[in-house]
Structure formats: C-alpha cells, structure tokens
Amino acid sequence: MAMNDPAPAPTTYDVLIVGAGISGIGAAHYLQRDHPQRSYAILEARDALGGTWDLFRYPGIRSDSDLHTFGYAFKPWRDKDAIADGDKILAYLRETAAEHGIDRHIRFRTKVISANWSSEQARWTVVTERSDTGERTALTCSWLFGAAGYYRYDEGFTPHFEGRERFQGRIVHPQHWPEDLDYAGKRVVVIGSGATAVTLVPAMAESAGHVVMLQRTPTYVLPVPAGDKVADRLKSLFGEERGHALARRKNILRQSVVWGLCRRFPKGARRLIRYANVKMLPAGYPVDEHFNPPYEPWDQRLCAVPDGDLFRAIRRGAASVVTDRIETFTGTGLRLASGRELDADVVITATGLNVQAMGGIALTVDGRAIDLEDTVAYKGMMLSGVPNFAFAIGYTNSSWTLKVGLLCEHFCRLLRRMDEGGFDTACPVIADADMPLRPFLDFQAGYIRRAVDRLPRQGNRAPWLTSMRYTKDVRLLRKLPVDDPELRLSRSPAHRSAPAAAATRSGV
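## Brief notes about the overall build of the protein
Here is step 1: Helix and strand counts for the protein come out as 13 helices and 27 strands.
Here is step 2: The globule rule puts the C-alpha radius of gyration for 508 residues at 23 Å, and the 25 Å found for the protein is close to it.
Here is step 3: Expressed as lengths along the three principal axes of its C-alpha atoms, the size of the protein is roughly 90 × 55 × 50 Å.
Here is step 4: Of all 508 residues assigned to the protein, the portion counted as buried reaches 51%.
Here is step 5: The contacts in the protein between residues at least 6 apart in sequence include a share of 71% that link residues at least 24 apart.
Here is step 6: Roughly 23,000 Å² of accessible area belongs to the protein as shown, and the carbon and sulfur atoms make up 51% of that amount.
Here is step 7: When the 67 positive and 58 negative side-chain charges of the protein are each reduced to one mean point, those points stand 6 Å apart.

Now the structure itself:
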C-alpha cells in the first residue's frame, strides 16, 4: 500500500446502525457516550445524512412537533421557531453529527440488503450494496440497530387515479419534489389532508395563483404558536442548557396532557378544536364540512399549523378546501364525484407514504428467514426470536424523538448488563404462546392500515405491549432493571470456548 493511500474501511464492528437520520444520529451519540470502547458505523443508503429532513424538499416542509422535544435532550434547540422548517432541522442534525464526531462514522451510499445471525459466533453478517457502483460487501457485527424509520425513501404512495394520463399539466408527489417546478401564478390542486398537505397549501399559496386542498375526508387541524415564549424566557433566566431541559419537560407534560384529554374526553376535544378553527376562518365558513372528521381526535395524528398559516391562507382567498371524491382526471384538471370540476395547472399528490419496516432488510437467524409479521415487539425495541437486533420507532402521538432517546438509553443499559454478566447474546422469548396479539402500530392512518399485515405485532402486557405514553416508558426503559424473565441472556459457543483457547495458547 502506498503511503498516501487511505486505510481500508473496517469490516468488523461491535454495532452497525442502519440509517443516518434523526434516530441513527441519536443512537450513535448515546452509544459512544456510554460505550466509548465499542466500534460502530452508520450505514446510510443515501449520499447525505438527515434522513427525512434531507430527502423531502417540498415547499414549507417543517416539523409538526416542537423542537424542544423533537430535538435531542443532549443538544439544546436555539432557534426562535419552536415549530421549525426542514432547513433548520437539517442544519441542527448536521451540527449535532459534526460536534460529536458522528459524521466520521457514516458510510454513505451503503444500502443494507440482508443480515444473517449466527448463534454459533453470536454475530451478524450484513450484506451491503453501494448505490453508486453496485459493489456488494459483507460486514460483521455483534449488534444490528435499525434506525431507518418505517417508510420507503425511494417512493411515496399514490393511489390509482382514473384518467391520469389525460391531464395536460404536471403531477408531482411531494416525496420527489422537482427543483424546476414553477407554480407561480398557477392553479394548484393538492390532493390530501394530512401533515404534508396542510404544510404545502399555505407555502404554495404565497406565490401560486390559487391553491385548492382536495380531501376525501377532513383532518383535525390545530393552530399552534410558531414560537415558544415560555421556552425563550426559561433560557434567558437559566441559560441554554438548563432552560432547554425545563422547556423540554414543560412541552412533554403539555403533549401528554393534550393527548390524554383528547382520548378521555373526545367530544370536548372535538368542540375545542372546532372553536379554534371557527375563530381563524372567515365568518360563515362551512367548518363542519371541511374540518370535522368522522373519527375521534388522535385516532389519527392531529395536524399542527404554526400561527394558523393554513387558515390565514384561506381567509385571504389564496387557498380553499374542497371535500369530495375524485371521479377522473381530465385534460385540464379533475372531475369530482359531485360533478364539480377543478381546473389545475399543477396537481400535487400528497397521498401518503409506503411503509417499509426495518429498512426492508431481509433478516435470517441461523439460515431461517424472519417474517416480521410472525414476530412480536419486545419493549418496542427488539423482536421475539431475533437475537442482538434492536430498532428505534418513535411516538405517533407526540414527538418521535422522545421515545427514540429512551430506547437508545435502554439499549446502552442492556449492553452494560451483558458486559457485567459476560453475555454476548440477548434474545426476547415469549413465555405465553397464547398471549393475545394486536398490530404493533395501533394507529388508524392510511399508510399504517395498508401495511399492518406486514409489520410485527405487540402483546397485551409488558414487556410485549408497545407503550405510547412517555411517563410509562420512562419507568420501563430508564428506571426498571434490564433483566427480564422473557429476555434470554446467554453465551455463544464461540464465547464459551474463548477462555479455553486462550488458556491453551498460554500453556495453562
């Protein structure tokens, strides 16, 4: 090897993390903080870190949770906007990765194809593929940590639309936003009513001729302040670190209270949300037609609109909402089931995501293929019958990162317990084969319902019940012991023979 040639990348690690988004960067931080002696790498299929916040480029993209809780506990959010746009979040993630040296551990353009566990060696063999060259490489690790979220990055979901080929304008899915899309002064129809749609509509309405949000079913839309004056005050009084921690606690409590009240008193919550909508919409606006869903609050995620920007766009006439079904595309727009026609130059299909659990990795254990739908989630972070595999799926009813942080803490506690006991294998095993099961993500969003049969399941009791309550998870993941009757810790044959081999080499 020439003196100036770079050293070849290692092929053996203690931990391989899949995904360099908000979860993967967080997992790397906790791992190197609590286990600095362990080697790790982050495998990222794309050519940049940031995950969702680097992929999505549509106008107005932002968080729908405050950044004091959606950001990391260890990294204060300093911007004045508590509900922040995608550029600010991406800058925050890049800064975090650089500050902690995490960016030096990322292997970009490296897609994980498969992973096979060997019980004999207590190691995963992970096959990766370079997205630029197609070259395949085998890496090995003691632990595999899935931090790729639960949807496909290479394609979004678009249902079949009759007559789509007749439309003479442009059709765009937000997941693949074209840089050359010019909609200034044009008629835009955004199909959908979820978080993406309610973000796009006010952002595009700033320059479009008019934007219509065409929805089949209304969504709960709640105006919230873009800033957080209490958090700003706490930081000015107590400094960045302490102020951030206090603001985070305050917002965790607020999220928990709002969700709990919505679930316990759905009729009252519906009335309060309606009242907030009426206050921000023009007098006489048909609120119940366009903003009164047929389901209860938090059966699906509430859409937060900072400073009521969607309602302000409607009030000034730059945007409107139509609740109807699409019969067919026409050459100049859309014909609806009611017979109404919507003219459009540009149609945005904000119709959702395609779910892909565990990054689409083909998992095998000792040559036996693992079907995710046959597994049960243990503590919301491991799978029954799958050793030394952890994953990070955040909350669907509050800030995603709150749960990811707790899962990462617990993962590090589990590694410490294994070190103390001399174990190299951890595998969840269900004690009661007749335990009732239900979907892992007990959530009514369309993208979840379409994929629920391909996802792991959960049980009806801890540790197999996947909690969506932060306070419960703090107790389970941070405070209770790692040891559990249904988590089998053991030593592999290779581990057991290592001391004997070492003794033979030393002449004992």
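## Thoughts on the sheet that holds strand β14 (residues 326–329)
Here is step 1: Spatial ordering of the open sheet is given by β14-β15-β16, a layout of three strands whose pairing is antiparallel. If you trace the sheet from one side to the other, it starts and ends with β14 and β16 (341–343), each paired once. Adjacent strand axes in the sheet meet at a mean angle of 20°, parallel and antiparallel pairs treated alike.
Here is step 2: When β14 meets strand β15 (residues 333–336), the two strands line up antiparallel, connected through three bridges. Across the sheet, residue F329 finds its bridge partner in β15, namely L334.

## Observations concerning a positive patch on the surface
Here is step 1: Judged by side-chain charge, R216, R325, R449 and R450 come together as a positively charged surface patch.
Here is step 2: Within the secondary structure, R449 is located in helix α11 (residues 446–449).
Here is step 3: Residue R449 is classed as partly exposed on the basis of its relative accessible area, which comes to 49%.

## Quick notes on unusual backbone geometry
Here is step 1: Across the junction of A462 and P463, the peptide omega takes the value 5°, indicating a cis bond.
Here is step 2: The residue P463 is located in the loop between β26 (457–458) and α12 (470–479) in this model.
Here is step 3: Even without glycine at this site, W298 takes up a positive phi of about 75°.
Here is step 4: Its place among the elements puts W298 in the loop between α8 (287–290) and β12 (303–306).

## What to know about the packing of helix α10 (residues 400–421) against α12
The angle between the axes and the distance between the axes are what describe a pair of packed helices.
Here is step 1: Following both chains from N to C, one finds α10 and α12 inclined at 15°, their axes separated by 9 Å at the closest point. Classified by the interaxial angle, the pair formed by α10 and α12 is roughly parallel. Handedness of the crossing formed by α10 with α12: left-handed. Where α10 approaches α12, its residues L402, K403, L406, L407, E409, H410 and R413 are matched on the opposing element by Y470, D473, V474, L476, L477, R478 and K479.
Here is step 2: Its residues assigned to classes, the contact of α10 with α12 comprises seven nonpolar, one polar and six charged.

## Points about the side chain of K403
Here is step 1: For K403, the location among the structural elements is in helix α10.
Here is step 2: From its side chain, K403 meets the backbone oxygen of S467 in a polar contact 2.7 Å long.
Here is step 3: Contacts of K403, omitting those with residues within four sequence positions, involve I393, G394, Y395, T466, S467 and D473.

## Here we look at a nonpolar patch on the surface
Here is step 1: Residues L253, V257, L261 and F265 make up a contiguous nonpolar surface patch of roughly 380 Å² in combined accessible area.
Here is step 2: For L253, the position within the fold is in helix α6 (residues 229–264).

## Quick look at the pattern of salt bridges
Here is step 1: Evaluated as defined, the whole model comprises 31 salt bridges.
Here is step 2: Between R170 and D180 there is a salt bridge, and its shortest N-O distance comes to 3.0 Å. On the criterion of sequence distance, the pair formed by R170 in strand β8 (residues 170–172) and D180 in the loop between β8 and β9 (187–191) is long-range, its members being ten residues apart.
Here is step 3: Assessed through its relative accessible area of 34%, R170 is described here as partly exposed.
Here is step 4: Among the ionic pairs, R478 bridges to E409, the shortest N-O distance being 3.0 Å. One end of the pair, R478, is in helix α12; the other, E409, is in helix α10, and 69 residues separate them in sequence.
Here is step 5: For E409, a relative accessible area of 17% translates into the label buried.
Here is step 6: One network of salt bridges, in which partners are shared, links R46, D54, R57 and R94.

## Some thoughts on α10
Here is step 1: A rise of 1.5 Å per residue sets the reference length of α10, with its 22 residues, at 32 Å; its end C-alpha atoms lie 32 Å apart and thus fit the reference within 8%.
Here is step 2: For α10, the buried fraction is high: 18 of the 22 residues fall into the buried class.
Here is step 3: Once α10 ends, the next one or two residues include G422, with phi positive near 70°.

## As for a negative patch on the surface
Here is step 1: A cluster of like negative charges, contributed by D371, E373, D374 and D453, occupies part of the molecular surface.
Here is step 2: When you line up the elements, D371 lands in the loop between β20 (368–369) and β21 (377–378).
Here is step 3: Exposure remark for D371: the relative accessible area of 41% places this residue in the partly exposed category.

The rules we used
Residues numbered from 1 in each chain as written. Predicted model: local features only at pLDDT ≥ 70, side-chain atom pairs only at ≥ 80, totals over all residues. Heavy atoms only, no water. Helix = DSSP H or I, 4+ residues; strand = E, 2+ residues; numbered from the N terminus. Rg over C-alpha atoms; globule rule 2.2 N^0.38 Å. Buried < 20%, exposed > 50% of the residue type's maximum accessible area, 1.4 Å probe, protein only. Contact = heavy atoms within 4.5 Å. Areas by Shrake-Rupley, 256 points an atom, 1.4 Å probe, with all protein chains shown as cover. Lys, Arg positive; Asp, Glu negative; His and termini not counted. Charge placed at Lys NZ, Arg CZ, Asp CG, Glu CD. Pairing = 2+ DSSP bridges. Axes fitted to C-alpha atoms, helices over the stretch in contact; angles between N-to-C directions. Patch = residues over 30% accessible without salt bridge, like charges linked within 9 Å, V, L, I, M, F, W, Y side chains within 5 Å. Salt bridge = Lys/Arg side-chain N within 4 Å of Asp/Glu carboxyl O. Parallel < 35°, antiparallel > 145°, perpendicular 65-115°, else oblique. Left-handed = near helix turned anticlockwise from the far one by under 90°. Nonpolar A, V, L, I, M, F, W, Y, C, P; charged D, E, K, R; others polar. Polar contact = N/O pair within 3.5 Å; in protein donor to acceptor, adjacent residues only side chain to side chain. Expected span 1.5 Å × (residues − 1).

Don't take any of this as a statement about function, it's just geometry.
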